[in-house]
Amino acid sequence: MQLNRLTDTYTLQNGLQIPVIGFGTWQVADGEEARKSVLSALEAGYRHIDTAQAYENEQSVGQGIRDSGVPREQIFLTSKLRNPVRGYEETLAAFDESLRLLGTDYLDLFLLHWPRPRAFHDNWEHMNAESWRAMETLFEQKKLRALGISNFRRHHIDALLKTAKVAPQVNQIRLAPGETQDDTVDYSREKGMLLEAYSPLGVGRIFEVPQMQELAEKYGRTIAQIAIRWSLQRGYLPMPKSITPERIRENARVFDFELSADDVQRIADMKGVVGYARDPDDIPF
Ligand SMILES: NC(=O)c1ccc[n+]([C@@H]2O[C@H](COP(=O)([O-])OP(=O)(O)OC[C@H]3O[C@@H](n4cnc5c(N)ncnc54)[C@H](OP(=O)(O)O)[C@@H]3O)[C@@H](O)[C@H]2O)c1
């Protein structure tokens, strides 16, 4: 697929268009930091913002969106259900709170953030099914345009699909140089999902990797640009985070060069250089 600009889109299984790079907001403090970084991202041309209830910054993310003057319908906005919340009524209420904080009347995408939260460790299948049912209601009410999951592996997907009537459109997982989660990627794709790549810069660890520095020199690009371009060429949807305006702009300039197939493979093979995803069955939150 030929990608030319930040506003190019992937098409989800349900027909919804999703801009090919998302702007990450984890560890972005509520208040001016979140407001300004979202504003910078929208000024730089990003049209896809990723937040979560757990990030505690939805209010300022929403403020940044409003301050940008970009019409809401031109922005693809995602949030995620907080881990300690599961259940039908509880999910409806939590979703409404996200809308209130973000200052919008719909979300483009809402994700189950983790499959097996500590609070529901032994009855996670049932509790996810109940939350999913609530998300289906929100979808019918047109308050939500797509449903998705995050950090789900094969057995979590199978459990969800036993009762889901509306199919998940994306699986947001950790995908970065050397961290390709092949089984989860293959299985998610088999089930029609797009892979969103979180921590595409390894939460900053990518900048310490000598092989990435070599590639940056070879292509005359920055390490961040090589990693984001790699993500796109793998067919993922990368969502880099930065609170630094120049980096925000830099991370979007990835459409005027191409990595060779050998280098795409070489980057995939850099096993463990930025660490690995947490085991979603064994998270302490
Ligand atoms: N679903 C999940 O469970 C989950 C988990 C983790 C992340 N996510 C999502 O994915 C997004 C991205 O992942 P992430 O926040 O973990 O980390 P990341 O995007 O892999 O890395 C962010 C770090 O890289 C730095 N950085 C960004 N661009 C740079 C550049 N061009 N040059 C040098 N440094 C640069 C940032 O610094 P500054 O900000 O200081 O500029 C920050 O320290 C999150 O924000 C969130 O939206 C989802």
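The following refers to the structure shown. Starting from 1, residues in each chain are numbered consecutively following that chain's sequence as written. A pLDDT threshold of at least 70 governs which residues receive local features in this predicted model, and a stricter bar of 80 or more applies before side-chain atom pairs are shown or counted, although totals over entire chains, interfaces and linings include all residues. Hydrogens and water are ignored here; the side-chain numbers use all heavy atoms of the structure.

Side-chain atoms within 4.5 Å link the members of a nonpolar core, which is a set of buried Ala, Val, Leu, Ile, Met, Phe, Trp, Tyr and Cys residues. Relative accessibility thresholds used throughout: buried, under 20% of the residue-type maximum; exposed, over 50%; partly exposed, between the two (1.4 Å probe, protein chains only). Formed by 83 residues in total, the largest nonpolar core has its most connected members in Ile21, Met212 and Ile226. In contact with methionine 212, other than residues within four places in its own chain, are Pro177, Ile206, Ile223, Ile226, Ala227, Ile267 and Met270. Pairs of residues are marked as contacts when any of their non-hydrogen atoms sit within 4.5 Å.

All right, on to the packing of helix H3 (residues 88-102) against helix H4 (residues 124-140) then. Fitted lines through C-alpha atoms give the axes, limited to the stretch in contact for helices. The angle between two N-to-C directions lies from 0 to 180 degrees. A run of H or I in DSSP counts as a helix once it spans at least four residues, and a run of E counts as a strand once it spans at least two, with each numbered from the N terminus. At a minimum axis separation of 7 Å, H3 and H4 run at an interaxial angle of 50°. Taken together, the axis directions place H3 and H4 in an arrangement best described as oblique. As for how H3 packs across H4, the hand of that crossing is right-handed. Taken together, the residues of H4 that come into contact with H3 (itself represented by Tyr88, Thr91, Leu92 and Phe95) are Glu130, Ser131, Arg133, Ala134, Met135, Thr137 and Leu138. We call two directions roughly parallel when the angle between them is under 35 degrees, roughly antiparallel when it is over 145, roughly perpendicular when it lies between 65 and 115, and oblique otherwise. Here is the rule for handedness: rotate from the far helix to the near one, and if that takes an anticlockwise turn smaller than a right angle the crossing is left-handed, while a clockwise turn gives right-handed.

Another aspect to go through is helix H7 (residues 210-219). Those residues of H7 not exposed but buried are Met212, Leu215, Ala216 and Tyr219. Projected onto a plane normal to the axis of H7, the buried residues spread over an arc of 105° and lie on a single side. Residues Pro210, Glu217 and Lys218 are exposed on H7 and point more than 90 degrees away from its buried face. Summarising the contacts, the buried residues of H7 are in contact with helix H8 (223-233) and helix H10 (261-268). Glycine 220 sits one or two positions beyond H7 and adopts a positive phi of about 65°. Directions are taken from the helix axis to each C-beta atom, and the arc is the one they span.

Whether a residue is near a molecule or strand depends on its heavy atoms: it is near if one of them lies within 4 Å of it. Around the ligand, the surrounding shell holds 29 residues, and the nearest of these are Asp50, Ser199, Lys241, Ser242 and Thr244. The term polar contact refers here to a pair of N or O atoms within 3.5 Å; inside protein, the definition further demands a hydrogen-donor-capable atom paired with an acceptor-capable atom, and it admits residues adjacent in sequence only when both atoms are side-chain atoms. The side chain of asparagine 151 places a nitrogen or oxygen atom 3.0 Å from an oxygen atom of the ligand. Bound to the protein, the ligand loses 89% of the 900 Å² it would expose on its own. Class assignment for the residues of the shell around the ligand results in twelve nonpolar, twelve polar and five charged. Here the accessible surface of atoms and residues is derived via Shrake-Rupley with a 1.4 Å probe, and residues count as covered only by protein chains that are part of the display. Gly falls in the polar group here, along with every residue not listed as nonpolar (Ala, Val, Leu, Ile, Met, Phe, Trp, Tyr, Cys, Pro) or charged (Asp, Glu, Lys, Arg).

Side-chain rings of Phe, Tyr and Trp, where Trp is taken by its six-membered ring, are said to pair if the distance between their centres is within 6.5 Å; with planes under 30 degrees apart they count as stacked, over 60 as edge-to-face, and otherwise as tilted. All chains considered together, the criterion is met by five aromatic pairs. Between phenylalanine 95 and phenylalanine 110, the ring centres sit 5.0 Å apart and the planes meet at 90°, which makes this aromatic pair edge-to-face. Pair noted here: phenylalanine 95 is in helix H3 and phenylalanine 110 is in strand S6 (residues 109-112), with a separation of 15 residues, a long-range link. Centroid distance tryptophan 114 to phenylalanine 285: 5.4 Å. Interplanar angle 80°. Geometry classified as edge-to-face. Note that tryptophan 114 is positioned in the loop between S6 and H4 and phenylalanine 285 in the segment after H10, a separation of 171 residues in sequence. A residue is classified by how much of its surface remains accessible, and phenylalanine 285, at 34% relative accessible area, is partly exposed. One residue, arginine 72, lies across the ring of tyrosine 106, its end atom 3.9 Å from the ring centre. Both a distance and an angle decide whether a charge sits over a ring: NZ of Lys or CZ of Arg must be within 6 Å of the ring centre and within 35 degrees of the ring normal. Looking at arginine 154, its charged tip hangs above the ring of tyrosine 187, at a distance of 4.1 Å from the centre.

Another aspect to go through is H4. Each residue after the first adds 1.5 Å to the expected span of a helix. Look at H4: 24 Å from first C-alpha to last across 17 residues, which is about the 24 Å you get at 1.5 Å a residue. Counting buried positions over the 17 residues of H4 gives twelve, a clear majority of the element. Trp124, Met127, Asn128, Ala129, Glu130, Ser131, Trp132, Ala134, Met135, Glu136, Thr137 and Leu138 are the residues of H4 that are buried. Where H4 is buried, its residues contact strand S5 (76-81), H3, S6, strand S7 (147-150) and helix H5 (154-161). Where H4 terminates, the next one or two residues include lysine 142, which has phi positive at roughly 65°.

Pairing is parallel across the open sheet formed by eight strands, whose spatial order is S3-S4-S5-S6-S7-S8-S9-S10. Among the strands making up the open sheet, the edge pair consists of strand S3 (23-24) and strand S10 (237-238). Two strands are counted as paired when DSSP detects at least two bridges linking them. In this sheet, strand S8 (residues 170-174) lies alongside S7 in parallel orientation, the contact comprising three bridges. The residue bridging glycine 148 from the neighbouring strand is valine 170, located in S8. Contacts between helix H6 (residues 182-190) and the sheet are confined to S8 and strand S9 (194-198), with S8 contributing the most and set at about 170° to the helix.

What makes a salt bridge here is a side-chain nitrogen of Lys or Arg within 4 Å of a carboxyl oxygen of Asp or Glu, nothing more. Applying the stated rule across the entire model yields 19 salt bridges. The salt bridge partner of glutamate 214 is arginine 266, with a shortest N-O separation of 3.0 Å. Of this pair, glutamate 214 sits in helix H7 while arginine 266 sits in helix H10, and the two are 52 residues apart along the sequence. According to the relative accessible area criterion, arginine 266 is partly exposed, its value standing at 32%. With a shortest N-O distance of 2.6 Å, aspartate 263 and lysine 218 are connected by a salt bridge. Taken together, the residues span a long stretch of sequence, with aspartate 263 in helix H10 and lysine 218 in helix H7 at a distance of 45 residues. What makes aspartate 263 buried here is its relative accessible area of 5%. Using a relative accessible area of 55% as the deciding quantity, one classes lysine 218 as exposed. Overlapping salt bridges, with partners in common, bring together Glu214, Lys218, Asp263 and Arg266 in one network.

Limitation: the analysis is restricted to geometry and does not speak to function.
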